[in-house]
Amino acid sequence: LLLAARYRATVDSELKHVGTASRLQGESAAMKRLLELVCDVVVGLDAELAIAEHAPRLGAMVALNPQMSTRGARLQDFMVDACERERFESLLTAAQSDVDGLMPGVMHTTIRDGLGARLGIELFYVKFQSLDGSCQFLVGLQESQGFDQRPLAALSVKRSAVDSGAYQDVD
């Protein structure tokens, strides 16, 4: 009788684990599919914020040699501005420690491709828990329309414009 109770507890625990794994896989697949509907490129980031699997579309977006793998690269290393790299890292680091849920986020950034051209990008990110329990991210990149190609040094923002919510370029 005791052996049967232990066996039943083990089976119940395994079924719960399988159900949790199935739910996690379903949630991450749904998040990825949603990002793929609205973004040009979707990449997965591991707990160290490195690209988890080769992403050929990202390689094409940043005009890398097709023979080069993006796996292990850091998405923030493609960003032009150091402040944007720091902001990206701080946003995702904060999301990693958020125990309340899987709150998504978005930020605008500028990346430089392999040919030196600047691309305005909207980054959409969401945290998810992998099967091994680690915190990972899905990040969608959407090229911004109407992006200003002038060098960053040529752009500045008036403080009053920021406060009012209307941004203006100052030459």
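Residues numbered from 1 in each chain as written. Predicted model: local features only at pLDDT ≥ 70, side-chain atom pairs only at ≥ 80, totals over all residues. Heavy atoms only, no water.

Colleague: Quick question: what am I supposed to make of the environment of V43 here?
Modeller: Position of V43 relative to the elements: it lies in strand 1 (residues 41-45). With 96 residues separating them in the primary sequence, V43 and V139 have C-alpha atoms 5.3 Å apart. Beyond its immediate stretch of four places on either side in the chain, V43 contacts A55, L58, L75, F137, L138, V139 and L141. (Helix = DSSP H or I, 4+ residues; strand = E, 2+ residues; numbered from the N terminus. Contact = heavy atoms within 4.5 Å.)

Colleague: Explanation requested: the sheet that holds strand 2 (residues 105-112) in the structure shown.
Modeller: Working definition: the strands of a sheet are paired by backbone hydrogen bonds and lie parallel or antiparallel to each other. Spatially, 4 strands are ordered 1-4-3-2 in an open sheet, and the strand pairing comes out antiparallel. Each having just a single partner strand, strand 1 and strand 2 make up the two edges of the open sheet. Here the average twist between neighbouring strands, direction ignored, is 30°. Pairing analysis gives 8 bridges linking strand 2 to strand 3 (residues 118-129), with the strands arranged antiparallel. Following the sheet pairing, T109 is matched in strand 3 by I121. Most of the contacts of helix 3 (residues 82-97) go to strand 2, to which it runs at about 150°, and overall it touches strand 1, strand 2, strand 3 and strand 4 (135-143). (Pairing = 2+ DSSP bridges. Axes fitted to C-alpha atoms, helices over the stretch in contact; angles between N-to-C directions.)

Colleague: Before we go on, may I ask you to explain unusual backbone geometry in this structure?
Modeller: Both trends apply: most residues other than glycine have a negative phi, and most peptide bonds are in trans. For L49, which is not a glycine, the phi torsion comes out positive at approximately 65°. Relative to the assigned elements, L49 resides in the loop between strand 1 and helix 2 (56-61).

Colleague: I'm lost on a nonpolar patch on the surface in this one. Help?
Modeller: Nonpolar side chains collect at one region of the surface, where L34, L37 and V38 lie side by side and expose about 300 Å² of accessible area between them. For L34, the location among the structural elements is in helix 1 (residues 2-38). (Patch = residues over 30% accessible without salt bridge, like charges linked within 9 Å, V, L, I, M, F, W, Y side chains within 5 Å. Areas by Shrake-Rupley, 256 points an atom, 1.4 Å probe, with all protein chains shown as cover. Salt bridge = Lys/Arg side-chain N within 4 Å of Asp/Glu carboxyl O.)

Colleague: Would you explain the confidence of the model for the protein in this entry?
Modeller: Do not read the fine detail of predicted coordinates wherever pLDDT is low. Scored by pLDDT, the protein has a mean of 75; 65% of the residues are at 70 or more. Mean pLDDT across the elements of the protein bottoms out in helix 4 (residues 159-164) (39) and peaks in strand 1 (94). Contacts from residues 149-171, a stretch scored under 50 in pLDDT, to residues over four places away or in other chains number 26 contacts. (pLDDT = per-residue confidence, 0-100.)

Colleague: Would you mind going over the side chain of E84 with me for this structure?
Modeller: As for its placement among the helices and strands, E84 is situated in helix 3. Buried charge without a partner: E84 forms no salt bridge, and the closest opposite charge is R87, 7.3 Å away. Dropping the residues within four chain positions of it, E84 is found in contact with M79, M107, H108, T109 and T110. (Buried < 20%, exposed > 50% of the residue type's maximum accessible area, 1.4 Å probe, protein only. Lys, Arg positive; Asp, Glu negative; His and termini not counted.)

Colleague: Would you take a moment to explain the pairing of strand 4 for this structure?
Modeller: Taken residue by residue, a regular strand's side chains alternate between the two faces of the sheet. With 7 of 9 residues buried, strand 4 is to be regarded as a mostly interior element. Where strand 1 lies against strand 4, 5 bridges are found, and the strand directions are antiparallel. By the bridge assignment, G44 is partnered in strand 4 with L138. Pairing of strand 3 with strand 4, which is carried by 9 bridges, proceeds in the antiparallel orientation. Residue pairing in the sheet places V126 in a bridge with L138 of strand 4.

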